[in-house]
Amino acid sequence: HRRFDYRPKTDPYCQARYTFCPTGSAIPVMKEDDVIEVYRLQAPVWEFKYGDLLGHLKIMHDAVGFKSSLTGKNYTMEWYELFQLGNCTFPHLRPGMDAPFWCNQGAACFYEGIDDAHWKENGTLVLVTTISGTMFNEMAKWVKYDNETGIYYETWTVQASPDKQSIVWFDAYECSKFILRTYQKLADLGAVFKKIQTNYTSIILFSGEPIYLGNETSIFGPQGNKTLAAAVRDFYYPFKPHWTVGEFFVDLLKIIDRVILNHQFYLFYNLEYWFLPMKFPYLKIIYEEVPLPIGSKTSFGV
């Protein structure tokens, strides 16, 4: 997943049904001798709206919590889409614009408090390590860098087969990947993690070797490939929001026809388009263990 030099301004066309990070605040500077508990937080996606519904499918959202021993204050940090998941996964086809229009930025959100009920009721709230104030402050600097350079949400992992050793063509870039990067940064700073099982959700597409198609200009620009541009737009059309059940089922049949019967998928990744020759089982949601990182016990004397 590519790093960028800066985060571009979002277009006013991109609108969120739910405000991004409504109570967000700056990350505080902790006193160096503070002892801060670090918590693994996980709950079903859209738990606030649907309860445990997506939890049964193991579609989970991840975050990390902190508790300062000096102040007693709790904090939550997470990374998610600025304009909800659908906008990050599929584009808008706007009238008068040839190229699909993406509202696919993601970002970190930090705020005071941990909503115990939200994380505990259908998910996880468990202590994973303890760090010093110095380590927390170093992590905060890294979060700023990570947030300014890793700016686009990517829903899909794309790999060659369901085998554990399978080639991964494209890595997802979503909430769990941010938490894994944060844990790794803390381990690099000297955090020692508890030996507990930690699982994460991945939504995987299965494909033969991807074929590079080009970027927005080379496909949709004045000198672009009109046939390819029409094929890409045509592929994304059935994924638009639906106003009636009838519309949804008609477009669902089109999606099945393209992806499963004709083995086609167009992926937008790092501002470029790729063609995926889809393979059985086409799509799978997995909930698999990714162990907590191993840290050094000598750093910072924690």
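See the structure above.
All figures in this text were calculated on a predicted structure; none of them were measured in a lab.

A look at the sheet that holds strand β5 (residues 124–132)
Then comes step 1: Ordered in space as β4-β3-β2-β1-β5, the five strands form an open sheet in which the pairing is antiparallel. Both edges of this open sheet fall to β4 (106–112) and β5, since each of them pairs with a single strand only. Strand-to-strand twist of the sheet, defined as the mean angle between neighbouring strand axes without regard to direction, takes the value 25 degrees.
Then comes step 2: Looking at chain direction, strand β1 (residues 35–44) and β5 are connected through eight bridges and run antiparallel. Looking at β5, one finds that Gln 42 is bridged to Thr 124.
Then comes step 3: Most of the contacts of helix α4 (residues 133–149) go to β5, to which it runs at about 110 degrees, and overall it touches β1, β2 (60–68), β3 (74–81), β4 and β5.
Then comes step 4: In this fold helix α5 (residues 175–188) packs onto β1, β2, β3, β4 and β5, with an angle of close to 35 degrees to the strand it touches most, β2.

With respect to the environment of Lys 9
Then comes step 1: In this structure, Lys 9 sits in the segment before β1.
Then comes step 2: Placed 96 residues apart in sequence, Lys 9 and Gln 105 show a C-alpha to C-alpha distance of 9.9 Å.

Side note on the layout of surface pockets
Then comes step 1: The volume enclosed by the largest pocket comes to roughly 1,500 Å³.
Then comes step 2: Along its surface, the largest pocket is lined by 39 residues, and Trp 46, Leu 85, Gly 86, Phe 90 and Phe 239 are the ones closest to its centre.
Then comes step 3: Elements with a contribution of two residues or more to the lining of the largest pocket: α1 (47–50), α2 (84–89), β8 (199–207), α8 (245–261) and β11 (272–289).
Then comes step 4: For the lining of the largest pocket, the element with the most residues is α8, which contributes six residues.

About the criteria used
Residues numbered from 1 in each chain as written. Predicted model: local features only at pLDDT ≥ 70, side-chain atom pairs only at ≥ 80, totals over all residues. Heavy atoms only, no water. Pairing = 2+ DSSP bridges. Helix = DSSP H or I, 4+ residues; strand = E, 2+ residues; numbered from the N terminus. Axes fitted to C-alpha atoms, helices over the stretch in contact; angles between N-to-C directions. Contact = heavy atoms within 4.5 Å. 1 Å grid on protein atoms, 1.4 Å probe; cavity = no way out; pocket = protein on both sides within 12 Å on 5 of 7 lines; lining within 4 Å. Points joined across faces, edges and corners; volume = space filled by probe spheres on them.

The analysis is restricted to geometry; functional conclusions fall outside its scope.
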